[in-house]
Amino acid sequence: TALARVLRNHQTVQYLDLTSNGIEGRGLVAVAEMMDLNTSILHLKLWGNTFSEEACAKFHALKGRLERLLTVDFDMYTVDEKAQVLLKTDTE
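About the criteria used
- Residues numbered from 1 in each chain as written.
- Predicted model: local features only at pLDDT ≥ 70, side-chain atom pairs only at ≥ 80, totals over all residues.
- Heavy atoms only, no water.
- Buried < 20%, exposed > 50% of the residue type's maximum accessible area, 1.4 Å probe, protein only.
- Helix = DSSP H or I, 4+ residues; strand = E, 2+ residues; numbered from the N terminus.
- Arc of directions from axis to C-beta.
- Contact = heavy atoms within 4.5 Å.
- Core = buried A, V, L, I, M, F, W, Y, C linked by side-chain atoms within 4.5 Å.
- Phe/Tyr/Trp six-rings, centres within 6.5 Å; stacked < 30°, edge-to-face > 60°.
- Axes fitted to C-alpha atoms, helices over the stretch in contact; angles between N-to-C directions.
- Parallel < 35°, antiparallel > 145°, perpendicular 65-115°, else oblique.
- Nonpolar A, V, L, I, M, F, W, Y, C, P; charged D, E, K, R; others polar.
- Pairing = 2+ DSSP bridges.

Draft legend 1. Highlighting helix α3 (residues 53–61). The complete set of buried residues in α3 reads Ala55, Cys56 and Phe59. For α3, the angular spread of buried residues about the axis comes to 100°, placing them on one side. In this structure, α3 carries Glu53 and Ala61 as exposed residues pointing more than 90 degrees from its buried face. Against α2 (25–37), β2 (43–45), α4 (63–67), β4 (74–79) and β5 (82–87) lie the buried residues of α3.

Draft legend 2. Structural context of the nonpolar core. Membership of the largest hydrophobic core comes to 27 residues, with the highest contact counts inside it found for Met35, Leu44, Leu46, Phe51, Phe59, Leu66 and Phe74. At the level of secondary structure, the elements contributing two or more residues to this core comprise α1 (2–8), α2, α3, β4 and β5. At seven residues, α2 tops the list of elements feeding residues into this core. When neighbours within four sequence positions are excluded, phenylalanine 51 is seen to be in contact with Leu28, Leu46, Cys56, Phe59, Phe74 and Val85.

Draft legend 3. Examining the packing of aromatic side chains more closely. Throughout the structure, instances matching the rule amount to four aromatic pairs. Note on phenylalanine 51 and phenylalanine 74: the rings are 5.4 Å apart at their centroids and 55° apart in plane angle, and the pair reads as tilted. Here the residue phenylalanine 51 occupies a position in the loop between β2 and α3, and phenylalanine 74 occupies one in strand β4, the gap between them amounting to 23 residues. Among the residues examined, phenylalanine 51 registers a relative accessible area of 14% and is labelled buried. Phenylalanine 74 sits in the buried class, given a relative accessible area of 2%.

Draft legend 4. Structural view of the packing of α2 against α3. The geometry of α2 relative to α3 is characterised by a closest axis approach of 8 Å and an angle of 10° between their N-to-C directions. Our classification of the angle between α2 and α3 gives roughly parallel. Contacts from Gly25, Leu28, Val29, Val31, Ala32 and Glu33 of α2 reach α3 at Glu54, Ala55, Lys58 and Phe59. Here the residues of the contact of α2 with α3 sort into six nonpolar, one polar and three charged.

Draft legend 5. Structural detail: the pairing of β5. Sheet analysis places β4 next to β5, joined by six bridges and oriented antiparallel. Among the inter-strand pairings, valine 79 is bridged to a residue of β5, identified as lysine 82.

Next comes the structure, spelled out in structure tokens:
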């Protein structure tokens, strides 16, 4: 969450790769909230972390923002009205 706080206002970082960093629910929620404010990030990799239901919902709410990125390593979908994520197979 400290990294997410720093990146909220840091508008020069373009590539954020946090793949398999042991980040869980609250940390991923903080990353999603940061992505809502940070417009410089163009590449986001988060797969291999533990997406909680709340984190899935936060990223699902950012779908428009994430669609503008050049690289995202996960897709969002909904099952029984619950947001879910899955690994995207066509990333760099």
